[in-house]
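A closer look at the structure
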Amino acid sequence: MTKPLDPKKIEAARQTNSRAERREQKRKQIQDEIAANQLSNGVIIIPPQKRHEIPTERPKLRVAAYCRVSTQEEQQIGSFDMQIHHFTKRIEGNPNWELVEIYQDEGISATTVEKRLGFQKMIADAVDGKIDLILTKSISRFGRNIVDILNNLSTLSALNPPVSVEFETEGITYTGDGKNGLLISLLAALAEMESQQKSEAIKAGIRWRMAEGIYKFSVQNTLGYYRDHFGRLVIEPTEARIVEYIYESCLKGARPAEIAAALTEQGIKSPMGNDLWSAGTIRSILKNEKYCGDALMQKTYTKDFRTHKSVKNTDLNMYFKENHHTAIVKKEDWLKVQKLLSERRGTSHKATLRLLKNHFIACRVKDGLFKGYLIMDSHWSPAERREFIKIVDEAQNTKK
């Protein structure tokens, strides 16, 4: 009898052959389609027509540069001049660029833009459409306040067309397209942190010099004193006479408002060079311990390094040094004046004040090429000029 068949084995073989055949058929179909497409797929490729445009001359890019140094020290002045020279040469050396202006701020802090007039003018010109590109040395030259930096960059990028800013040291050009936004923010934050650290270091150095008694406080707009070329505190004889007049008048019963009115009436200029004196100015002179030769330092301090605004010191140490410099007013007279100012609470009265001979009041130049020179009134007679010079010589000899 014939051996029986195995139906399961036969069906499995059939299914295997069927799948193999289907795969082979599919492969052959794909190969046939590829071969047919290589010959022709029925798609016609139409290349773009080349436009024969008339060549036009591209307008030059209007380029400006911003230069700044934060101090007026000699080494910084050299850096400032080199910045100006470098950017001028670079812009004028590029045939596709046109120099707009080299905007400058010398000896100005960058923590805020309020005092940077050159920077403000540059932004205004950019808004008016006069600038296409701004060059600057670094982000720290552009500003040290992250808010101001980002706000000004946002202003420039929002213009139509936007104004780009190139930071040369960092090798970054900010165009407002978002590519360098995060990096600019990080570098601006680092610049602000560096400014804060530098501010703290400077303040620490000032306080150390105060504690050692060697700090040279400012006498700008201080009546009767100036600093010579060596930084020494020197009495200004002609202005010292005004200080003496103010103290003498107070000791004789005159109030600050009456002294101010008398000086205004006599045509004497105030410490700020104004024609009108105020009672507040007289009161501050009468209370100033520097006129009796003492020095109280750190009466005010800078609370915020961004604004540089001074506030009255109620939180930090003050430093006092007696007999710090030559006095204009005797110590006992200064103390009497302080007592009078604190005791006066009654009604005001009109005091009789003597006149100050203002034809011998001259101003000493405190800055610039003619620093230290005295300016005399052109209406003085030759005799009056000789008398004035004699007074100055006697004052100088007395100090020696």
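Here we summarise the structure given alongside this text. (Residues numbered from 1 in each chain as written. Predicted model: local features only at pLDDT ≥ 70, side-chain atom pairs only at ≥ 80, totals over all residues. Heavy atoms only, no water.)

This part is about the side chain of D132. If you trace the backbone, D132 turns up in the loop between α3 (117–127) and β3 (133–136). For D132, a relative accessible area of 18% puts it in the buried group. Non-local contacts of D132, meaning those with residues more than four positions away in its chain, are made with K60, L61, R62, P162, V163 and S164. (Helix = DSSP H or I, 4+ residues; strand = E, 2+ residues; numbered from the N terminus. Buried < 20%, exposed > 50% of the residue type's maximum accessible area, 1.4 Å probe, protein only. Contact = heavy atoms within 4.5 Å.)

Our next topic: the environment of E265. Assignment of secondary structure puts E265 in helix α8 (residues 256–266). Overall, E265 belongs to the exposed group, its relative accessible area being 73%.

For helix α5 (residues 146–157), spanning 12 residues, the distance from its first C-alpha to its last is 16 Å, which sits close to the expected 16 Å at 1.5 Å a residue. All of the buried residues in α5 are I149, N152, L153 and L156. Looking down the long axis of α5, one finds its buried residues gathered within 100° of arc, a one-sided arrangement. (Expected span 1.5 Å × (residues − 1). Arc of directions from axis to C-beta.)

Strands pair in a sheet through their backbones, by hydrogen bonds, and they do so in one of two ways: parallel or antiparallel. With mixed pairing, the 5 strands of this open sheet are ordered in space as β2-β1-β3-β4-β5. Because the sheet does not close on itself, it has two edges, and the strands there are β2 (97–106) and β5 (172–174). Averaged over all neighbouring strand pairs, the angle between strand axes comes to 20°, with direction disregarded. Inspection of the sheet shows strand β1 (residues 61–69) paired to β2 by 8 bridges, in the parallel sense. Of the residues in β2, the one forming a bridge with R62 is E98. Along the sheet, α3 contacts β1, β2 and β3; its crossing angle with β2, the most-contacted strand, is approximately 150°. (Pairing = 2+ DSSP bridges. Axes fitted to C-alpha atoms, helices over the stretch in contact; angles between N-to-C directions.)

With that out of the way, let us pick up the pairing of β3. Neither face of β3 is open: one carries L133 and L135, the other I134 and T136, and all of them are buried. Relative to β3, β1 runs parallel, the two sharing 4 bridges. Within β3, the residue paired with Y66 across the bridge is T136. Inspection of the sheet shows β3 paired to strand β4 (residues 164–167) by 4 bridges, in the parallel sense.

Once that is clear, we can look at the packing of aromatic side chains. Considering all chains together, one arrives at 5 aromatic pairs under this definition. Ring geometry for Y247 versus Y291: centroids 6.3 Å apart, planes at 65°, classification edge-to-face. Separated by 44 residues along the polypeptide, Y247 in helix α7 (residues 237–251) and Y291 in the loop between α9 (279–287) and β8 (295–297) bring together distant segments of the chain. For Y291, a relative accessible area of 2% translates into the label buried. Aromatic ring contacts, followed pair by pair, group Y66, F119, F142 and F167 into a single cluster. (Phe/Tyr/Trp six-rings, centres within 6.5 Å; stacked < 30°, edge-to-face > 60°.)

A few words on the side chain of D294. Within the element layout of this structure, D294 appears in the loop between α9 and β8. Among the polar contacts listed, one links the side chain of D294 to the backbone nitrogen of N323, at a separation of 2.9 Å. Engagement of the side chain of D294 in a polar contact is seen with the side chain of K331, the distance being 3.1 Å. (Polar contact = N/O pair within 3.5 Å; in protein donor to acceptor, adjacent residues only side chain to side chain.)

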